[in-house]
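Structure assessment
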Amino acid sequence: MSVMRVTIADIRKKKAKGERFAAITAYDVVTGRLVDEAGIPFLLVGDSLGMVSLGYDSTIPVTLDVMIHHTQAVVRGNKTSLIVADLPFMTYHKNAEQALDSAGRCLQEGGAQAVKLEGGRSIAPTVKRLTEAGIPVVGHLGITPQSIHQLGGFKAQGKNVARATELLEDALVLQEAGAFAIVLECVPAELSKLITERLSIPTIGIGAGPHCDAEIQVIADTLGWFSDFVPKHAKQFAKLADAAAAALSGYVKEVEAGTFPTEKESVSVSEEVIRAVEERIAGAPGGA
Ligand code: KIV
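Here is what the cut-offs are and how they apply
- Residues numbered from 1 in each chain as written.
- Predicted model: local features only at pLDDT ≥ 70, side-chain atom pairs only at ≥ 80, totals over all residues.
- Heavy atoms only, no water.
- Helix = DSSP H or I, 4+ residues; strand = E, 2+ residues; numbered from the N terminus.
- Buried < 20%, exposed > 50% of the residue type's maximum accessible area, 1.4 Å probe, protein only.
- Contact = heavy atoms within 4.5 Å.
- Areas by Shrake-Rupley, 256 points an atom, 1.4 Å probe, with all protein chains shown as cover.
- Lys, Arg positive; Asp, Glu negative; His and termini not counted.
- Charge placed at Lys NZ, Arg CZ, Asp CG, Glu CD.
- Pairing = 2+ DSSP bridges.
- Right-handed = clockwise from strand over helix to strand, strands pointing away.
- Salt bridge = Lys/Arg side-chain N within 4 Å of Asp/Glu carboxyl O.
- Core = buried A, V, L, I, M, F, W, Y, C linked by side-chain atoms within 4.5 Å.
- Axes fitted to C-alpha atoms, helices over the stretch in contact; angles between N-to-C directions.
- Disulfide = S-S within 2.5 Å.
- Parallel < 35°, antiparallel > 145°, perpendicular 65-115°, else oblique.
- Left-handed = near helix turned anticlockwise from the far one by under 90°.

Turning to the overall build of the protein chain, a few remarks are in order. In terms of regular secondary structure, the protein chain is built from 12 helices and eight strands. With respect to the principal axes defined by its C-alpha atoms, the protein chain has extents near 85 × 40 × 35 Å. Within the span of the protein chain, comprising 288 residues, buried residues form 45% of the whole. Residue pairs in contact within the protein chain that sit at least 24 positions apart in sequence constitute 57% of those at least 6 positions apart. When the accessible surface of the protein chain is split by element, carbon and sulfur atoms take 58% of a total near 15200 Å². Computing the positive centroid from 28 side-chain charges and the negative centroid from 34, the protein chain places the two 7 Å apart.

Following this line, the structure appears as C-alpha cells:
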C-alpha cells in the first residue's frame, strides 16, 4: 500500500479546523526517519543544520549545495511528512530569478515539497513569483537568523509598537503574496496571538508562546543532543547526549576489559579450516 505524504492543502485545512500541529527540523536520513515514525506532519530541513550538524556558529555559511545534500538524505528517510527546505543565505536575495533557481533546485534535486525564506515585505514579490511558479513558500518573521548581524544578536523581536506593527503588517503581506504558513521566531506571545488571529494561514511558533497554530523546534534541542545548551524556548523531551555518553563509556570499558565483543557478536569457521591455513602458511616463505 502506498503511503501518502502530507500536502500544503492538509496544512491549510488544519488552520481552518483549528487543529494544532507539531513541526520539527531534521537534517539527515536518521532524523528524517525518526520524524516519519513519530508521524510529525511538517518537517523543516532547517539551515540550523549549519550549527547543529556542521559546527558553524551561525546559519550564514550554509550553501545551497549543502542544503540540497541534506534534504536528499532526509527525503530518503521520510515518506510521510511535508518536507520544507530552507533557502540559505544569499540564495534568494538578489532577485526573484535567483530565488526561482534556488527553490527549483530544492524541489527538483533535493526532493522537498516547499521552501522557507526569511523576511517581510521586501521579500513579498519573491514569494509571489515562487508561488506563481508552483513552488509553495513558508515565510519566516521575528528573529531571522540569516540577518543576525543586522539584528545585532538573538533578541526577541516586536517588543515596541513600531516593530510589532511592522511584524503584523509583514505577516499579512506575506500571506497576500501566497505564503501558505509563516514561522514566527522569538516574537512575544501576545503579538503572536494577534498575528495568528488575523491570518487565515497557520502561524508556526518557536519562542513565540502558546497561541500559534503550530509549534516548531530544532530536533537537537527537543531530543537533548547537547547537554550544555538548552535555549530558553526549548524543552528537552529526552537527554540523548547523556544517554550517548553513558553508552560510549560502557563500550570503551568493555572493549578495554575484553568483555566485548564475545562469541555472540562473532562469526566462526571450523577448526579444520584454521588448521589447513596454518599448514599452508607453514610451507610458504616467511611461514612458521
Ligand atoms: O533553520 C531552522 O531550524 C529554522 C527554525 C528555527 C524555524 O529556521
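Taking every second residue as pointing to the same face, both faces of strand S2 (residues 42–45) are buried, with Phe-42 and Leu-44 on one and Leu-43 and Val-45 on the other. Alignment of strand S1 (residues 21–25) against S2, held across three bridges, turns out to be parallel. Bridge pairing links Ala-23 to Phe-42 in S2. Each parallel crossover has a hand, and the one from S1 via helix H2 (residues 29–38) to S2 is right-handed. The sheet contact formed by S2 and strand S3 (residues 82–86) spans four bridges and is parallel. Considered in S3, the bridge of Phe-42 is made with Leu-82.

Moving on: the pattern of salt bridges. Scanning all chains against the criterion turns up 15 salt bridges. Lys-13 serves as the salt-bridge partner of Asp-10, at 3.9 Å between the closest nitrogen and oxygen. Here the residue Asp-10 and the residue Lys-13 both occupy positions in helix H1 (residues 8–17), the gap between them amounting to three residues, near one helical turn. With its nearest N and O atoms 3.2 Å apart, the salt bridge here joins Glu-166 to Arg-163. Within this pair, Glu-166 and its partner Arg-163 are both found in helix H8 (residues 161–177), separated by three residues, close to a single helical turn.

The next subject is the nonpolar core. Grouped together as the largest cluster of nonpolar side chains are 53 residues, with contacts concentrated most on Val-115, Leu-117, Val-127, Leu-130, Ile-182, Leu-184 and Ile-195. Examining the composition of this core, we find that six residues originate from one element, H8, more than from any other.

Moving on: the sheet that holds strand S6 (residues 181–185). Here we have eight strands rolled up into a closed barrel, ordered S1-S2-S3-S4-S5-S6-S7-S8, and parallel in their pairing. Averaged over neighbouring strand pairs, the angle between their axes works out to 25° when direction is ignored. Of the pairings in the sheet, the one linking strand S5 (residues 137–142) to S6 comprises five bridges and is parallel in character. Bridging across to S6, His-140 finds its partner in Val-183.

One way to say it: the disulfide is the covalent bond shared by the sulfur atoms of two cysteines. What the rule picks out here adds up to zero disulfides. Looking at the unpaired Cys-212, the closest cysteine sulfur is the one in Cys-186, lying at 11 Å.

A word on the packing of helix H4 (residues 64–77) against helix H5 (residues 96–110). Close contact between H4 and H5 brings their axes to 9 Å; oriented N to C, the two are set at 30°. Here H4 is positioned roughly parallel relative to H5, judged by the angle of their axes. The two elements H4 and H5 cross, and the hand of that crossing is right-handed. Seen from H4, the contacting residues are Leu-64, Asp-65, Ile-68, Thr-71, Gln-72 and Val-75; seen from H5, they are Ser-102, Arg-105, Cys-106, Glu-109 and Gly-110.

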